[in-house]
Amino acid sequence: MDVVTTIEQVRAAVTRARDDGARIGFVPTMGALHAGHLRLVHLAAEHADQVAVSIFVNPTQFDRPEDLDSYPRDLDADLDALAAQGAATPTVVFAPTVGQMYPRAPLTTVHVTGLTERLCGARRPGHFDGVATVVTKLFNIVRPDVAVFGRKDRQQLAVVQRLVGDLDLGVEVLGCPTVRDDDGLAVSSRNRLLDEEARREARAIPAALTAGVRAARAGRDRTHGSVIDTQRAHTAARTVLDAHPGLDVEYLEVVDPDTFAPAEPRADGTVILAVAAFVDGVRLIDNVELGFAPDEAALLDCAAPHTGVDA
Ligand code: AMP
């Protein structure tokens, strides 16, 4: 595993691999690696011969300076974790400085309209421009054949898939299912910032999604069809969140998976139930695709999170 910090070095390493005939997989991360990131690395290794991982806390996608300052960083532990992945251990890890990625203030940015006006995009001005721009830069630097992103950041995944298509970047973009701890909480670098009590409150997030899944399933059983009663799912999730005053809910929405516009009250097909909430000043997001069996099963399989609400 080569660990490099400059664009020239990572290009050279990837070129060597490609010259050997390797298909290149790529996993962009902001470090503080956890089981979710490692799942992405394994998925990349399944779809490529050699994998590159980037570790870069991209300042342009942070809308709050305190969030950037407090974002966890632990490069040594990250490298140890990657080196321990056996056959999935990446060939190269690219860990650039901010100066390496942005030697001057960029005058060019990538802006994806249509998908970014709602949910996280509406609450975090400039966030998706920062993401779209750095992902485009990283794709141009690494030139991967396939790249893997997490479905936990569902809107980000859609933005990346769209920009790759619109700009003909020629990268296959795969979405990896959300990795959860036993209590249902989606693993996240930011979970490290939660103390015990905040962590307990945070469990209400997967509990709310689970309640939404159950309500949607009950509605489907009644209609004997694929129609999802999105209002019923939303109300069930909202009831759980409302029972937890320690959560400062930013949004809870049921949206169309392609446009992120509000779903119809009775939707035929899959919809996304998405939530963002602050717990003790830490912003957490999660989502589940209602009507998509593996997503629903992953939540229902977790040790049932305590909802604090009687069913
Ligand atoms: P980040 O380091 O937070 O920018 O995340 C890097 C990649 O890991 C993104 O594609 C995320 O969607 C993905 N990711 C983060 N958390 C999870 C998770 N719990 N399960 C699956 N993928 C995740």
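What counts as what
- Residues numbered from 1 in each chain as written.
- Predicted model: local features only at pLDDT ≥ 70, side-chain atom pairs only at ≥ 80, totals over all residues.
- Heavy atoms only, no water.
- Buried < 20%, exposed > 50% of the residue type's maximum accessible area, 1.4 Å probe, protein only.
- Helix = DSSP H or I, 4+ residues; strand = E, 2+ residues; numbered from the N terminus.
- Pairing = 2+ DSSP bridges.
- Right-handed = clockwise from strand over helix to strand, strands pointing away.
- Near = heavy atom within 4 Å.
- Polar contact = N/O pair within 3.5 Å; in protein donor to acceptor, adjacent residues only side chain to side chain.
- Areas by Shrake-Rupley, 256 points an atom, 1.4 Å probe, with all protein chains shown as cover.
- Nonpolar A, V, L, I, M, F, W, Y, C, P; charged D, E, K, R; others polar.
- Contact = heavy atoms within 4.5 Å.
- 1 Å grid on protein atoms, 1.4 Å probe; cavity = no way out; pocket = protein on both sides within 12 Å on 5 of 7 lines; lining within 4 Å.
- Points joined across faces, edges and corners; volume = space filled by probe spheres on them.
- Core = buried A, V, L, I, M, F, W, Y, C linked by side-chain atoms within 4.5 Å.
- Axes fitted to C-alpha atoms, helices over the stretch in contact; angles between N-to-C directions.

Chemist: Looking at this structure, I do not really get the pairing of strand β5 (residues 146–150). What am I missing?
Modeler: Look at any regular strand and the pattern is simple: side chains alternate between the two faces of the sheet. In terms of residue burial, β5 counts as a mostly covered element, since five of its five residues are buried. Residue alternation in β5 divides its side chains into two sets, Val-146, Val-148 and Gly-150 and Ala-147 and Phe-149, and both sets are buried. Bridging between strand β2 (residues 24–29) and β5 involves two bridges; their strand directions are parallel. Each residue of the ladder has a partner; that of Gly-25, found in β5, is Val-146. Pairing of β5 with strand β6 (residues 172–176), which is carried by five bridges, proceeds in the parallel orientation. Bridge assignment links Ala-147 to a residue of β6, and that residue is Val-173. Between β5 and its parallel partner β6, the chain crosses via helix α8 (residues 154–166), and the hand of that crossover is right-handed.

Chemist: Just checking my understanding: could you explain the site of the ligand for this structure?
Modeler: What surrounds the ligand is a group of 17 residues, the closest being Met-30, His-37, Asp-153, Val-179 and Val-187. Here an oxygen atom of the ligand sits 2.8 Å away from a polar atom, N or O, in the side chain of His-37. Surface burial for the ligand is 92%, taken as the share of its 480 Å² of free accessible area covered by protein chains. Mapped by element, the contributors of at least two residues to the shell around the ligand are β2, α2 (35–47) and β5. By residue class, the composition of the shell around the ligand is eight nonpolar, seven polar and two charged.

Chemist: Would you mind going over the side chain of Gln-61 with me for this structure?
Modeler: In this structure, Gln-61 sits in the loop between β3 (50–55) and α3 (65–70). Not counting residues up to four positions away in its chain, the partners in contact with Gln-61 are Met-30, Arg-124, His-127, Gly-130, Val-131 and Val-134.

Chemist: How should I be thinking about the layout of surface pockets in this particular structure?
Modeler: To locate leftover empty space, one rolls a probe as large as a water molecule over the atoms. Approximately 220 Å³ is the volume attributed to the second largest pocket. Residue lining of the second largest pocket: 15 residues in total, with Pro-177, Thr-178, Val-179, Arg-180 and Ala-298 positioned closest to the centre. Those elements that provide at least two residues to the lining of the second largest pocket are β11 (282–290) and α12 (293–301). Looking at which element gives the most residues to the lining of the second largest pocket, the answer is α12, with three residues. Counted by class, the lining of the second largest pocket contains seven nonpolar, two polar and six charged residues.

Chemist: Any chance you could explain the nonpolar core here in plain terms?
Modeler: Nonpolar side chains in soluble globular proteins tend to end up buried together. Of all hydrophobic cores here, the largest spans 46 residues; its most connected members are Phe-94, Met-101, Phe-139 and Phe-149. When residues of this core are assigned to their parent elements, the largest contribution, nine residues, is made by helix α7 (residues 127–142). Residues Leu-194, Leu-209, Ala-233 and Val-275 belong to the second largest nonpolar core, which totals 32 residues.

Chemist: What am I meant to see in the pairing of strand β10 (residues 271–279) here?
Modeler: Counting buried positions over the nine residues of β10 gives nine, a clear majority of the element. Covered by surrounding structure in β10 are Val-271, Leu-273, Val-275, Ala-277 and Val-279 together with Ile-272, Ala-274, Ala-276 and Phe-278, the residues of both alternating faces. Relative to β10, strand β8 (residues 247–255) runs antiparallel, the two being bridged by eight bridges. When the sheet's bridge partners are listed, Glu-253 is paired in β10 with Ala-274. Relative to β11, β10 is paired through nine bridges, and the arrangement is antiparallel. Its bridge partner being in β11, Ala-277 is matched across the sheet by Leu-284.

Chemist: Looking at this structure, I do not really get the sheet that holds β5. What am I missing?
Modeler: Through backbone hydrogen bonds, the strands of a sheet pair up, either in parallel or in antiparallel fashion. Taken in spatial order, the six strands line up as β1-β4-β3-β2-β5-β6 in an open sheet, and their pairing is parallel. The sheet is open, and its two borders are formed by β1 (2–4) and β6, each paired with just one other strand. Each strand of the sheet is rotated relative to its neighbour by a mean of 25 degrees, with strand direction disregarded. Contacting β1, β2, β3 and β4 (92–94), helix α1 (residues 7–19) crosses the sheet at an angle of about 155 degrees to β4. Running over the sheet, α8 touches β5 and β6 and is turned about 170 degrees from β6.

These results come straight from atomic positions and should not be treated as a statement about function.
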